[in-house]
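Observations on the three-dimensional arrangement
Below are the chains, spelled out letter by letter.
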Amino acid sequence: MHFAPQIRIPATYMRGGTSKGVFFRLEDLPGRAQVPGAARDHLFLRLMGSPDPYGKQTDGMGGATSSTSKCVILSRSARPDHDVDYLYGQVSIDGAFVDWSGNCGNLTTAAGAFALHAGLVERSRVPLDGVCVVRLWQANIGKTILVHVPIRGGQVQETGDFELDGVTFPAAEIVLEFLDPAEEGEDSGALFPTGHPVDVLDVPESLVAGGKLPATLINAGIPTLFVNAADLGYRGTETQGEINGDGAALARFEALRAIGALRMGLIDTLDGAVKRQHTPKIAFVAPPADYTASSGRVIRAGEVDLLVRALSMGKLHHAMMGTASVAIATAAAIPGTLVAQAAGERGRSAVRFGHPSGILRVGAEARLEEGRWSVTKAVMSRSARILMEGWVRVPGDCF
């Protein structure tokens, strides 16, 4: 009879923005999982309850959605002018892999708060009352993110009156600054990897009538492929049920995402998209229109500048990913992109976009120098809260 005693690992379960994840200090992980590789991946898969052919993650901490199947590792940073290194893993629900190719903007909020809770920020930098700017090094994409965490009595303030559509209860506002968010690594390229704010993709006519699809391919926050809702026969007001209940629609989005990934240079062949589900994201945009959010609230066209719906790990997201929000803010600031066109043709330093759960306001600073666009920072507000802390348990032979 097979027997393997369970081991327990110090962990904290947190909400950050509209996502949830399990947070660890690097030093608390088992030795073999303190370095990248198969042992770490196997640990996180078993921890979350993956791979699960039932798609429920019943035997783990995962919540059976892309927003709740996430792990985070933090450690003190040796980099000058940084407090902590932050590494994020998107755990597949039905597949046996962890995607380390991008960041989670929502959990970035919680990463700043967790760094303080876990004592990873020098005490001298934490005020008794006020705001502590936690300087994160986002290790997945090699970028600096500043997390403005409110402090009361020397502790992280978690409750407050800041409301975030997609989150039921108000909390304390945490402001994120993504510095130089364009990803310029060797596997992603410049802000616009093709050099153009809009490309026309050649796609099978079975996916799009005429075989031509205008798209904005951008690397900001996270590699993202933006397309017009109307070109796919949508209005931009769609709910999760309308998209996620349509298997043919999901398959079409995944096929288009793979074509975009190939054009962006993120994969070498279309088959490579299967093992890179976290990036790029695919989103469709439309001009403002009235619609009903998932909460039942009626969003009026005059309340937003554009509509955006985005898919994460093959499903329409219930709100909006934080990193995709950075991409939206950046693209909206640059004239000519499909996002800017949907928002009224001109570049905007801030936009309010409608998503399935409501409205989000984001901003970005972009500039044109010698014919090349760059973005200095993107800003948004989120909130975070500890839900549970203690230990997680996993079978000792899982890694």
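Residues numbered from 1 in each chain as written. Predicted model: local features only at pLDDT ≥ 70, side-chain atom pairs only at ≥ 80, totals over all residues. Heavy atoms only, no water.

1. What to know about the overall build of the protein
- Scanning the protein for helices and strands turns up six helices and 21 strands.
- Since a compact globule built from 399 residues should have a radius of gyration of about 21 Å, the 20 Å found for the protein is in line with a globular shape.
- In terms of overall dimensions, the protein has a C-alpha envelope of 60 × 55 × 45 Å along the principal axes.
- Of all intrachain contacts in the protein linking residues separated by at least 6 positions in sequence, the fraction that spans at least 24 positions is 64%.
- Summed over its atoms, the accessible surface of the protein is roughly 16,300 Å², and 51% of this surface lies on carbon and sulfur atoms. (Helix = DSSP H or I, 4+ residues; strand = E, 2+ residues; numbered from the N terminus. Rg over C-alpha atoms; globule rule 2.2 N^0.38 Å. Contact = heavy atoms within 4.5 Å. Areas by Shrake-Rupley, 256 points an atom, 1.4 Å probe, with all protein chains shown as cover.)

2. Overview of unusual backbone geometry
- For the peptide bond that leads from Ser 50 to Pro 51, omega is -5°, which places it in the cis range.
- Residue position: Pro 51 is located in the loop between α1 (38-48) and β3 (70-76).
- Residue Pro 280 follows Thr 279 across a cis peptide bond; omega there is -5°.
- With respect to the element layout, Pro 280 can be found in the loop between α4 (247-264) and β13 (281-286).
- Backbone geometry at Asp 81 places phi at a positive 65°, although glycine is not the residue there.
- Judged by relative accessible area, which is 61%, Asp 81 ranks as exposed.
- The phi torsion at Glu 370 lies on the positive side, around 55°, for a residue other than glycine.
- Tracing the backbone shows Glu 370 in the loop between β19 (358-369) and β20 (372-382). (Buried < 20%, exposed > 50% of the residue type's maximum accessible area, 1.4 Å probe, protein only.)

3. Overview of the side chain of Ser 357
- Structurally, Ser 357 can be placed in the loop between β18 (350-355) and β19.
- In terms of polar contacts, Ser 357 uses its side chain to reach the side chain of Ser 294, at 3.4 Å.
- A polar side-chain atom of Ser 357 sits 2.5 Å from the main-chain carbonyl oxygen of His 318.
- Apart from the residues lying within four places of it in its own chain, the contact partners of Ser 357 are Asp 165, Gly 166, Ala 293, Ser 294, His 318 and Ala 319. (Polar contact = N/O pair within 3.5 Å; in protein donor to acceptor, adjacent residues only side chain to side chain.)

4. Some remarks on the side chain of Arg 252
- Mapped onto the elements, Arg 252 comes out in helix α4.
- For the buried Arg 252, which has no salt bridge, the nearest side chain bearing the opposite charge is Asp 246, at an N-O separation of 7.5 Å.
- If sequence neighbours within four positions are ignored, Arg 252 has contacts with Leu 207, Leu 232 and Tyr 234. (Lys, Arg positive; Asp, Glu negative; His and termini not counted. Salt bridge = Lys/Arg side-chain N within 4 Å of Asp/Glu carboxyl O.)

5. A word on α1
- With eight of eleven residues buried, α1 lies mostly within the body of the structure.
- Three or more residues of α1 are buried, namely Ala 39, Arg 40, Asp 41, Leu 43, Phe 44, Leu 45, Leu 47 and Met 48.
- Packing partners of the buried residues in α1 comprise β1 (6-16), β2 (19-25), β3, β4 (84-91), β5 (98-99) and β21 (384-395).
- Backbone geometry just downstream of α1 places Gly 49 in the positive-phi region, at approximately 90°.

6. Comments concerning the packing of aromatic side chains
- Inspection of every chain in the model, using the stated rule, returns six aromatic pairs.
- Ring centres 6.2 Å apart and planes at 40° place the aromatic pair Phe 44 and Trp 100 in the tilted group. Separated by 56 residues along the polypeptide, Phe 44 in helix α1 and Trp 100 in the loop between β5 and α2 (105-117) bring together distant segments of the chain.
- On the basis of relative accessibility, which here comes to 0%, the residue Phe 44 falls in the buried class. (Phe/Tyr/Trp six-rings, centres within 6.5 Å; stacked < 30°, edge-to-face > 60°.)

7. With respect to the pattern of salt bridges
- Tallied over the full model, the rule gives 19 salt bridges.
- Close ionic contact of Asp 83 with Arg 135 constitutes a salt bridge, the shortest N to O distance being 2.9 Å. Within this pair, whereas Asp 83 is found in the loop between β3 and β4, its partner Arg 135 is found in strand β6 (residues 130-138), the two being separated by 52 residues in sequence.
- Judged by relative accessible area, Asp 83 falls into the buried class, the value being 7%.
- The partner of Arg 257 in a salt bridge is Glu 254, with the nearest N and O atoms 2.9 Å apart.

8. Remarks on the pairing of β6
- Two elements, β4 and β6, share three bridges in a ladder whose sense is parallel. Within β6, the position partnered with Tyr 86 by the bridge is Gln 138.
- Pairing of β6 with strand β7 (residues 143-152) involves nine bridges; the strand directions are antiparallel. Residue pairing across strands places Gly 130 opposite Ile 151, the latter belonging to β7.
- Where β6 hands over to β7, the hairpin turn is made up of four residues, of which Gly 142 adopts a positive phi near 65°. (Pairing = 2+ DSSP bridges.)

9. Quick notes on the nonpolar core
- Residues Leu 74 and Val 134 are the most contacted members of the largest nonpolar core, which totals 69 residues.
- Not counting residues within four places of it along the chain, the set of residues in contact with Val 134 comprises Asp 83, Val 84, Gly 112, Ala 115, Leu 116, Val 121, Ile 145, Leu 146, Val 147 and Val 149.
- Ranked by size, the runner-up nonpolar core spans 35 residues in total, among them Val 227, Leu 250, Ile 259 and Ala 286. (Core = buried A, V, L, I, M, F, W, Y, C linked by side-chain atoms within 4.5 Å.)

10. Observations concerning the state of the cysteines
- For the structure on display, the rule yields zero disulfides.
- In this structure Cys 104 is a free cysteine whose sulfur lies 12 Å from that of Cys 71, the closest cysteine sulfur available.
- Judged by its relative accessible area of 5%, Cys 104 is buried.
- Not engaged in a disulfide, the cysteine Cys 398 finds its nearest cysteine sulfur in Cys 71; these two sulfurs lie 11 Å apart.
- Overall, Cys 398 belongs to the buried group, its relative accessible area being 15%. (Disulfide = S-S within 2.5 Å.)

Keep in mind that these numbers describe shape and distance, not what the molecule does.
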